[in-house]
Amino acid sequence: QGDGSRRHRYSITTQLLILYYILSFEENLLASTKQLALMQRKPKSYSAALMDQIPIKYLVTQAQGLQQELGGLHSALLRLLATNYPHLCLVEDWVCEEEVTGTLPLLRRMMLPSNTCRYTQSQLHQAFQKLPSSSPRLNRILEHLTLLSPGDLIPYAEALTASMALLLEPGVPRRLLQTLNKLWMGLNTVMPRRLWVMTVNALQPSGKLLRQQRYTQNDLMVDPLIVLRCDLRVYRCPPLMDIVLHMLNGYLLASKAYLQCHLKETADFDRQNQIVSNVAVPGQPDTPEVTREELKNALLAAQDSAAVQILLEICLPTSEEQLLGATTESLLRNNRGPVPGKSKQGSLLPTTRGSVEDTEPEGGLLSDLREVQCLICCLLHQMFIADPNIAKLVHFQALLPLTVAGIPSIHICLDFIPELLAQPQLEKQIFAIQLLSYLCTHYALPKSLSVAREKPLEAAAPCGGSSKLTLPQKTAEKLGGADPDVQLCYCIEATFMDIISSTLHGL
């Protein structure tokens, strides 16, 4: 049979072929639903419990290093993954994997002595339980684990995730959280689905009167928002919030694939059964397929909308943070330039309660709130690029300074401004003007300024008449040398007058 390495290679090849067969069977089963429905046959697909036991990402990672021996099997597996498991094909995961499987991590592992101290899962668990007094020992264990390959980390996955909530206690060093985040991202390259379920269950709110529920993979694909029902302290812990956002993005994609697969799997069979039943009961209308598709799209849109709204609410400072000086204006202010009267040295000092006057206040440049806001804006940026319609869901007036400054793709909202201004609700029109004012300030481009100058047809007086409420016209010479903020004020004032005028004529 050859040496041990060859036997291991044959074992991996066998597992990869079985995985390819299972995924191909599921794909062909979905592609043949119409023919199977006509034949009144519905073969059983592989259960979710079985699929959860297969380390799909780990096997595909192994296949990546054996492409010459496997021929086109690796590319075929990637195609099947992209179709059926899009949450395992996140672009940021492929990019970040170089930090785990690249040359530098390999050299670090080669420098690890063979007789180095090996820590057990039990030792890791005990170090977590004795926090914060055991912080130095836990730090040594976690730093040692960073030298291991992702595959060698798998035995420690349960001990790492089960005690994650203990890192939320006061007095835990930030370095421990950052190291845990690094280890989690390494495990994410080989066992993402199982890791996500364990992490979601570990970060549930803890309370004496709250009975913790153990969620399954299927629960999280049906309702991705479960990920955000975590311990509220996670919302102000950037290293753990980064993990939560990663899982949320993955489960939103998994839910789309799950619902699409479920719709495809049941639609043809239900339609065929309904046709048969309608033969016995003539005159009963048939449910069109478009109704199912519309319901699915409405559900997915509701999920995205709820996720965006919850994430934006997390960005709002709490009452305690507001007392400490946190505002949603800080990101826009820091992005546009230093605050007048504040020295550069003061703006770079870390945030501490009871600090001197020239340090950045809570919610400023170096606070947990600010870091969480940046992480959320990064995810929303990706969501807006994937589906520009999601940008229409940003209806938090108090967060406009944050979203405009922190989400680069929010400039696509310029295309929605005329639609919002045409809405009959005054609050939507006001929001459109506020959004446009921030966009024009942040993106001083011809497109944004032309949208600001645009006058809706509905605002014009009927029959060529003129409104009694008129704004004194400013000459080009007067506005040409004015400050941009002054010009923006005139544009906003003129727009408000147009709205009032159109409202009066409507009456």
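Please refer to the structure higher up on the page.
Conventions adopted
- Residues numbered from 1 in each chain as written.
- Predicted model: local features only at pLDDT ≥ 70, side-chain atom pairs only at ≥ 80, totals over all residues.
- Heavy atoms only, no water.
- Helix = DSSP H or I, 4+ residues; strand = E, 2+ residues; numbered from the N terminus.
- Buried < 20%, exposed > 50% of the residue type's maximum accessible area, 1.4 Å probe, protein only.
- Contact = heavy atoms within 4.5 Å.
- Areas by Shrake-Rupley, 256 points an atom, 1.4 Å probe, with all protein chains shown as cover.
- Polar contact = N/O pair within 3.5 Å; in protein donor to acceptor, adjacent residues only side chain to side chain.
- Phe/Tyr/Trp six-rings, centres within 6.5 Å; stacked < 30°, edge-to-face > 60°.
- Salt bridge = Lys/Arg side-chain N within 4 Å of Asp/Glu carboxyl O.
- Axes fitted to C-alpha atoms, helices over the stretch in contact; angles between N-to-C directions.
- Parallel < 35°, antiparallel > 145°, perpendicular 65-115°, else oblique.
- Left-handed = near helix turned anticlockwise from the far one by under 90°.
- Nonpolar A, V, L, I, M, F, W, Y, C, P; charged D, E, K, R; others polar.
- 1 Å grid on protein atoms, 1.4 Å probe; cavity = no way out; pocket = protein on both sides within 12 Å on 5 of 7 lines; lining within 4 Å.
- Points joined across faces, edges and corners; volume = space filled by probe spheres on them.
- Core = buried A, V, L, I, M, F, W, Y, C linked by side-chain atoms within 4.5 Å.

Draft legend 1. Local environment of the overall build of the chain. Helix and strand content of the chain: 27 helices and zero strands. Per-residue burial for the chain yields a buried fraction of 41% across its 507 residues. For the chain, long-range pairs separated by at least 24 residues make up 72% of all intrachain contacts whose partners lie at least 6 apart in sequence. Total accessible area on the chain is roughly 27,700 Å²; 58% of this is exposed by carbon and sulfur atoms.

Draft legend 2. The arrangement of the side chain of Thr 161 in detail. On the secondary structure map, Thr 161 appears in helix α12 (residues 157-162). Polar side-chain contacts of Thr 161 include one of 2.9 Å to the backbone oxygen of Ala 157. Those residues in contact with Thr 161, other than ones at most four positions away along the chain, are Leu 195, Met 198, Thr 199 and Ala 202.

Draft legend 3. Representation of unusual backbone geometry. In this model, Leu 131 is joined to Pro 132 through a cis peptide bond whose omega is 0 degrees. With respect to the element layout, Pro 132 can be found in the loop between α9 (121-129) and α10 (135-145).

Draft legend 4. Representation of the packing of aromatic side chains in the model. Within this structure, the stated rule accounts for two aromatic pairs. An angle of 25 degrees between the planes, with centres 6.4 Å apart, marks the rings of Tyr 21 and Phe 25 as stacked. You can see Tyr 21 and its partner Phe 25 sitting in helix α1 (residues 4-31), four residues apart, about one turn around the helix. A centroid spacing of 5.2 Å and a plane angle of 70 degrees characterise the contact between Trp 196 and Tyr 251, whose relative ring orientation is edge-to-face. Placement of the pair is Trp 196 in helix α14 (residues 192-202) and Tyr 251 in helix α16 (residues 238-280), with a sequence separation of 55 residues. Take Trp 196 and Tyr 251: they sit in the same class, and that class is buried.

Draft legend 5. Quick look at the pattern of salt bridges. A complete count under the given rule lists nine salt bridges for this structure. Close ionic contact of Glu 371 with Arg 174 constitutes a salt bridge, the shortest N to O distance being 2.9 Å. On the criterion of sequence distance, the pair formed by Glu 371 in helix α21 (residues 368-386) and Arg 174 in helix α13 (residues 174-187) is long-range, its members being 197 residues apart. Here Arg 174 falls in the partly exposed class, since its relative accessible area comes to 32%. Between Arg 233 and Asp 231 there is a salt bridge whose closest N-O contact spans 2.9 Å. Residue classification places Arg 233 among the partly exposed residues on the basis of a relative accessible area of 33%.

Draft legend 6. Looking closely at the packing of α10 against α13. Running from N to C, α10 and α13 cross one another at 25 degrees; their axes reach a closest spacing of 10 Å. Compared by their axis directions, α10 and α13 come out roughly parallel. Crossing handedness for the pair α10 and α13: left-handed. Counted together, Ser 135, Leu 138, Asn 139, Leu 142, Glu 143 and Leu 145 of α10 and Arg 175, Leu 176, Thr 179 and Leu 183 of α13 form the full contact between these two elements. A per-class count over the contact of α10 with α13 returns five nonpolar, three polar and two charged.

Draft legend 7. Main features of empty space enclosed by the protein. Taken as a whole and judged by the stated rule, the model has two cavities of 30 Å³ or more. Estimated volume of the largest cavity: approximately 70 Å³. Residue lining of the largest cavity: Ile 433, Leu 436, Ser 437, Cys 440, Ala 452, Leu 488, Cys 491, Ile 492 and Thr 495, and that is the complete set. Of all the secondary-structure elements, those providing two or more residues to the lining of the largest cavity are α24 (426-442) and α27 (484-506). In the lining of the largest cavity, the residues fall into seven nonpolar, two polar and no charged.

Draft legend 8. Fine view of the nonpolar core. Counting residues in each nonpolar core, the largest one holds 97 residues, and the members touching the most others are Leu 124, Leu 145, Leu 160, Leu 240, Met 241 and Leu 311. Among the elements that line this core, the one with the most residues is α16, at 10 residues. When near neighbours in sequence (up to four residues on either side) are disregarded, Leu 240 contacts Met 164, Leu 168, Leu 177, Leu 180, Leu 203 and Val 234. Counting 19 residues, the second largest nonpolar core, distinct from the first, contains Leu 16, Leu 19, Ile 54 and Ala 63.

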